[in-house]
Amino acid sequence: SEGSASPSPCTSRYAVEVYLDASKLVLFEKQADGNRHPTRSYAVATPAGDVEPPTGWGVITQIEFEPWWRPPENKNRRAKQKGRTLPDVMPPGAKNPMGPFKMHLSHGFAFRIHGNNDPKSIGRRVTNGCIRMRNDEGLELARILDVGTEVVIYEHAPPKVGQGAEAMAARP
């Protein structure tokens with residue numbers, strides 16, 4: 001579709017890990033020896049406590065820039081409870097909750113990493129299942145990642161050194 005990256009083999013030079021409880025996304029660069037080196041960490045908004053989050057291994061299946069937004073049923077239901085009506089579809093722009101990019105994930109229907117129109121949400125557990133990023137940081141990330149990039153979502157971040165996790169010391 002227009003604005004989407006074309007599929008590429010699963011040979012991305014990067015991998016992504018998301019730690020839901022820490023509201024953190026970490027970008028890893030794959031090394032020639034098979035190891036991965038953390039290159040950047042981002043604060044993100046993650047699924048709220050009452051939402052069953054996607055976890056485990058998956059890949060980016062599509063990357064879109066300037067995406068349209070179609071409100072999910074649970075979002076429509078919540079809006080109606082508050083006496084509001086959402087549009088059936090919202091074009092790109094400042095009011096669009098997807099922000100300027102959207103990376104589809106293989107973790108299940110409608111799970112994505114995307115931008116936002118509410119910067120206050122970053123660093124908090126407030127989403128309906130998606131991972132939200134700051135628009136500028138997410139655009140930068142979406143431009144360097146490929147379809148097929150590995151994305152692993154964990155409920156908990158690994159323990160820090162000194163908490164019995166010396167073997168994981170190299171990981172953020």
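Here, every reference points to the structure presented above.
Right, let's walk through the structure included here. In this convention, every chain numbers its residues from 1, walking through the sequence in written order. Under the rules for a predicted model, residues below a pLDDT of 70 receive no local features and side-chain atom pairs below 80 are neither given nor counted, while totals for whole chains, interfaces and linings still include all residues. Water and hydrogen atoms play no part in the side-chain values, which are based on all heavy atoms of the structure.

We count a salt bridge whenever a side-chain nitrogen from Lys or Arg sits within 4 Å of a carboxyl oxygen from Asp or Glu. Overall, the coordinates contain 9 salt bridges when judged by the stated rule. Between E29 and R13 there is a salt bridge, with the nearest N and O atoms lying 2.7 Å from each other. Within this pair, whereas E29 is found in strand β2 (residues 24–30), its partner R13 is found in the segment before β1 (14–19), the two being separated by 16 residues in sequence. Any residue under 20% of the maximum accessible area for its type is buried, any over 50% is exposed, and the rest in between are partly exposed; the area is computed with a 1.4 Å probe on protein chains only. Assessed through its relative accessible area of 22%, E29 is described here as partly exposed. Members of the salt-bridge network, linked through shared partners, are E17, R36 and E150. Only DSSP runs of H or I reaching four residues or more are called helices, and only runs of E reaching two or more are called strands; each is numbered from the N terminus.

Moving on, we get to the side chain of E150. Looking at the element boundaries, E150 is found in strand β10 (residues 150–154). Polar contact is the term for a pair of N or O atoms within 3.5 Å; when the atoms are in protein, one must be able to donate a hydrogen and the other to accept it, and sequence-neighboring residues count only if both atoms are side-chain atoms. At 2.8 Å, the side chain of E150 and the side chain of W57 are in polar contact. Any pair of residues with heavy atoms lying within 4.5 Å of one another is described as a contacting pair. Discounting residues that sit within four places of it in the chain, E150 has contacts with Y14, A15, V16, R36, W57, G58 and V59.

This part takes up the environment of K30. As for its placement among the helices and strands, K30 is situated in strand β2. In this structure K30 comes out as partly exposed when scored by relative accessible area, which is 31%. Expressed as a C-alpha distance, the spacing of K30 and S12, which sit 18 residues apart in the sequence, is 8.2 Å. Among residues more than four places away in sequence, those in contact with K30 are S12, R13, Y14, A15, N35 and R36. A polar contact is formed between the side chain of K30 and the backbone oxygen of S12, at a distance of 3.4 Å.

Moving on, we come to helix α2 (residues 135–144). Because an α-helix completes one turn every 3.6 residues, residues spaced three or four positions apart along the sequence face the same direction. Taken together, the buried positions of α2 are occupied by E137, G138, L139, L141 and A142. Elements in contact with the buried residues of α2: β2, β3 (36–43), β5 (56–65) and β6 (101–105).

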